[in-house]
Amino acid sequence: MWLIAFQPIRLQVYRFTMGIKTALPRYELYLYTAVLAVALIWAGSWIFEASSENANRKSFKESVKPGWHYFGRKMDAADFEWVMWFTTFRNHILFALVGHVIFAKIFSLVAPKIVINGCKHRSLVFGVYGGLAVLVTMGWTFLALVLSHCIILYSVAIFKSKWMCFAAGLCTLASIKLEPFNSWQEALVTGSFSLQDILFYGGCGFSIMRCMSFALENCEKKEGNYTFSDLVKYNFYLPFFFFGPIMTFDRFHAQANNTQLIRKEREMWNITTKALLHLGGILVVDVFFHYLYILTIPSDMKLVAKLSDWSLAGLAYSNLVYDWVKSAVMFGVINTVAMLDHLDPPQPPKCITMLYVFAETHFDRGINDWLCKYVYDYIGGNHDQIFKELLATICTFGITTLWLGPCELVYIWSFFNCFGLNFELWVAKFFSLPPLSTIESAMGEAMSRRIRGLFNAANFWAIVLYNVLSLNSLEFAKMVGRRLIFKGFPLSTLSVLLVTYCGVQLVKERERQQALLEDPEPAKPVDGGKEKAE
C-alpha cells in the first residue's frame, strides 16, 4: 500500500478548459456501461477459472491457505499487511482504539467535576494516552528513541530556518532507512514479537514526518515558537501514530485545540454509515479472496505466461483496485476514531478506476497533502512552467524514494511516475498551442471530450503499468506491458483500450454531474433574454 501512496495532486488547467460540463447522448453512455460491465465479467471469469484450476498448485502453498471448508474454497493470503490487520493485529487494534475512545470519554465526563476545561485539554489527554500505549506496546527504549527524534527536530525548529529543518528531518529519516543506522536503532528496541519490525518502522517513519511538519510550521509562525508539548501532543496521537494518515501540524493543532465542539447535523449518522461501509468492504474483500487469487497468481510467472491477455489485464487492474480498497478500509477505520475526536482527518483515497491522469494519482491523502504543501507546491508554484515543474517533481519523488527506502524497485517506480507527471504537462502545453488549440476550439465540445478520452485511456494503462510493479514485481509488470502492447497488438491492445475508453467516459460523466452540482449552469433566458410580460 505504502509504495504507491505518495503521488502529488495537480489540478491541470488544460484538463478542465474544454467540455467538463459537456454531456454525451444518453444511449452512448448506456453503451459504454454495457461494454464495461461485460468486459469486467469476462476478465473476472478468466481469473476465477485460473484460481480454481490452480488452487492446489505447488507454488501456491505458501500463500493460498485453508478458507471456507464447507464451500471447498481456499483463501488468497499473499498480502501480509491485510492478514496482519485482520488476524494477528485485529485484537490489538480494537483494544488500543477502543481504549483511546473510552479514555477520552471518561476524561470528558470527569473533567467538569474537577473543574477542568475538558475541551481545552483534550489534546493533552490524547497525547498522554498515546504515549502510554506506545510505552506498553514497544517499551521504554522505543519511546526514548522517538522522543530523541522529537528533541532533535524541535531544537532545529527554534532557529526558524526551513532548509535546516529539511536537512535535519531528511537526515533523521535516512537514519531509519539506510544501513547501518537503521539496524543500530532497531537493536535498541528490546523484545521480540511478530509485529515489532512493522510497528518500529511505521512508528519512527510517521513520527519523523510529523516532526518535520511541526518544524516547518514553526518557521511560518510570526511571533514566538510552538512549545515542545505541542509537538509531543501532536506526535503521540495514537490513531495516527503507527500507520498514519498524516495530518499536517497546522490542521491538527487548530482542530485538537478547538473548544467549540459541536456536532454537525447528522454527523454521527455519517460516521456510523462510514464505519459500516468499511466493515462491508472487509467482508467483500474476504469473499473475493476465496474466489479470485489476484495476489498469488502474479507471483508464479510460469502460470502468468499461460494466461490470456484479458486475464493479465484484469489481474493488473484488480491489484490496483484491491490496494485502493485496502487503503480506504485501513485509513477509514482510523479516520472513524479521529472523527469521533472531533477531528477532520485526510479524506479516503480516490479509487484507481476514477484516475486517468498522473496528476491525481495517490493512495494516501495525508502523505500527499504533506508533500504538496512543503515540497511540490512550494517549489512548483502554479505548475505551469516546465522547468519549475520538473524540479518540483524531482524533489518530491526524491523525498518519496527516501521515505520508501532506496532500492532498485523504488528507483524505477519513482522515475516512471515522475516522468508521467511531467509528460502530462508537456502534452498539455503542446496541445494548447495553435493550430491544435484552434482545431479543438472549432470542433464540438462532445467530440473534444471523446478525443481526450482516447488519450486518457492510454494514460490510464500507463498509470497501471507504472504502479503495478510496486505491488507485484518488475517481471509481472514487464509481462503485462509486453503482452498488451506488443504481442497482443492489434486485437488485445485495441480491445483493452476500447473498454478503458468506455470506463473513462463514464468517469468523465460522473465528474460532469459533480461539476454541475458545484457550479450549476445559469437558466436559459426566455425569449432571447427578454422577460415575459405579465
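Where an unreviewed UniProt entry is consulted, the protein appears under the name Hedgehog acyltransferase like, a, with the organism given as Oreochromis niloticus. The heading Sequence similarities (unreviewed entry) in the UniProt record of the protein holds the text "Belongs to the membrane-bound acyltransferase family. HHAT subfamily." Within the UniProt record for the protein, the comment given under Subcellular location (unreviewed entry) is "Endoplasmic reticulum membrane".

Turning to the domain arrangement of the protein, a few remarks are in order. On domain assignment, one finds that the protein holds domain 1 (26–63 + 275–518) and domain 2 (85–257). If you average the C-alpha positions of domain 1 and of domain 2, the two centres end up 32 Å apart. With 30 residues of domain 1 in contact, the opposing surface of domain 2 contributes 36 residues. Here domain 1 meets domain 2 over a buried area of about 2,900 Å², counting both sides, of which 74% is carbon and sulfur. For the domain 1 face of the interface with domain 2, the top three residues by lost area are W370, Y374 and W403, together amounting to 24%. Linking domain 1 to domain 2 there are two salt bridges. Across the pair D250 and K373 runs a salt bridge whose closest N-O atoms are separated by 2.5 Å.

Turning next to the pattern of salt bridges. Within this structure, the stated rule accounts for 14 salt bridges. The salt bridge involving R450 is made with E28; its shortest N-O contact spans 2.8 Å. On the criterion of sequence distance, the pair formed by R450 in helix α20 (residues 445–471) and E28 in helix α2 (residues 26–53) is long-range, its members being 422 residues apart. Across the pair E220 and K162 runs a salt bridge whose closest N-O atoms are separated by 2.3 Å. Here the residue E220 occupies a position in helix α9 (residues 196–220), and K162 occupies one in helix α7 (residues 162–175), the gap between them amounting to 58 residues. The class for E220 is partly exposed, based on a relative accessible area of 46%. Using a relative accessible area of 27% as the deciding quantity, one classes K162 as partly exposed. Among the charged side chains, a network of salt bridges with common partners joins D79, E81, D323 and K326.

Right, let's talk about the UniProt feature "transmembrane region" (unreviewed entry) in the protein for a bit. As recorded in UniProt, the feature "transmembrane region" (unreviewed entry) lies at residues 29–48, 92–111, 123–145, 236–254, 275–295, 386–404, 451–469 and 489–507. Measuring from the first to the last C-alpha atom of residues 275–295 gives 26 Å, for a span that is 81% helix and 0% strand. When the span residues 451–469 is considered, its composition is 100% helix and 0% strand, and the gap between its end C-alpha atoms is 29 Å.

Tracing the sequence through the fold places L143 in helix α6 (residues 140–157). Sequence separation of L143 and G203 is 60 residues, and the distance between their C-alpha atoms is 9.9 Å. With residues up to four places along the chain from it excluded, the contact list for L143 reads G131, V134, L135 and F236.

Our focus in this paragraph is the packing of α7 against α9. Where α7 contacts α9, the axes come no closer than 9 Å and their chain directions differ by 175°. Put simply, α7 runs roughly antiparallel to α9. Judged by residue contacts, K162, C165, F166, G169, L170, T172 and L173 of α7 engage I208, M209, M212, A215, L216, C219 and E220 from α9. For the contact of α7 with α9, the class distribution of residues is 10 nonpolar, two polar and two charged.

Bringing the pairing of strand β2 (residues 73–76) into the picture now. When strand β1 (residues 64–68) meets β2, the two strands line up antiparallel, connected through four bridges. Note on β2: the bridge partner recorded for P66 is K74. In textbook terms, the turn of a hairpin is the stretch between consecutive antiparallel strands, and for β1 and β2 this stretch comprises four residues, one of which, G72, has a positive phi near 70°.

With that settled, the discussion passes to the packing of aromatic side chains. For the coordinates displayed, the defined rule picks out 38 aromatic pairs. A ring pair is formed by Y234 and F252, whose centres lie 5.4 Å apart and whose planes are at 50°; its orientation type is tilted. Here Y234 is found in helix α10 (residues 228–235), whereas its partner F252 is found in helix α12 (residues 249–256), with 18 residues between them in sequence. Here Y234 matches F252 in class, with each residue buried.

Here is what the cut-offs are and how they apply
- Residues numbered from 1 in each chain as written.
- Predicted model: local features only at pLDDT ≥ 70, side-chain atom pairs only at ≥ 80, totals over all residues.
- Heavy atoms only, no water.
- UniProt positions renumbered as here; feature names shortened; annotations may be inferred.
- Domains from an automatic or database assignment.
- Contact = heavy atoms within 4.5 Å.
- Buried area = accessible area lost by both parts, 1.4 Å probe.
- Salt bridge = Lys/Arg side-chain N within 4 Å of Asp/Glu carboxyl O.
- Helix = DSSP H or I, 4+ residues; strand = E, 2+ residues; numbered from the N terminus.
- Buried < 20%, exposed > 50% of the residue type's maximum accessible area, 1.4 Å probe, protein only.
- Axes fitted to C-alpha atoms, helices over the stretch in contact; angles between N-to-C directions.
- Parallel < 35°, antiparallel > 145°, perpendicular 65-115°, else oblique.
- Nonpolar A, V, L, I, M, F, W, Y, C, P; charged D, E, K, R; others polar.
- Pairing = 2+ DSSP bridges.
- Phe/Tyr/Trp six-rings, centres within 6.5 Å; stacked < 30°, edge-to-face > 60°.

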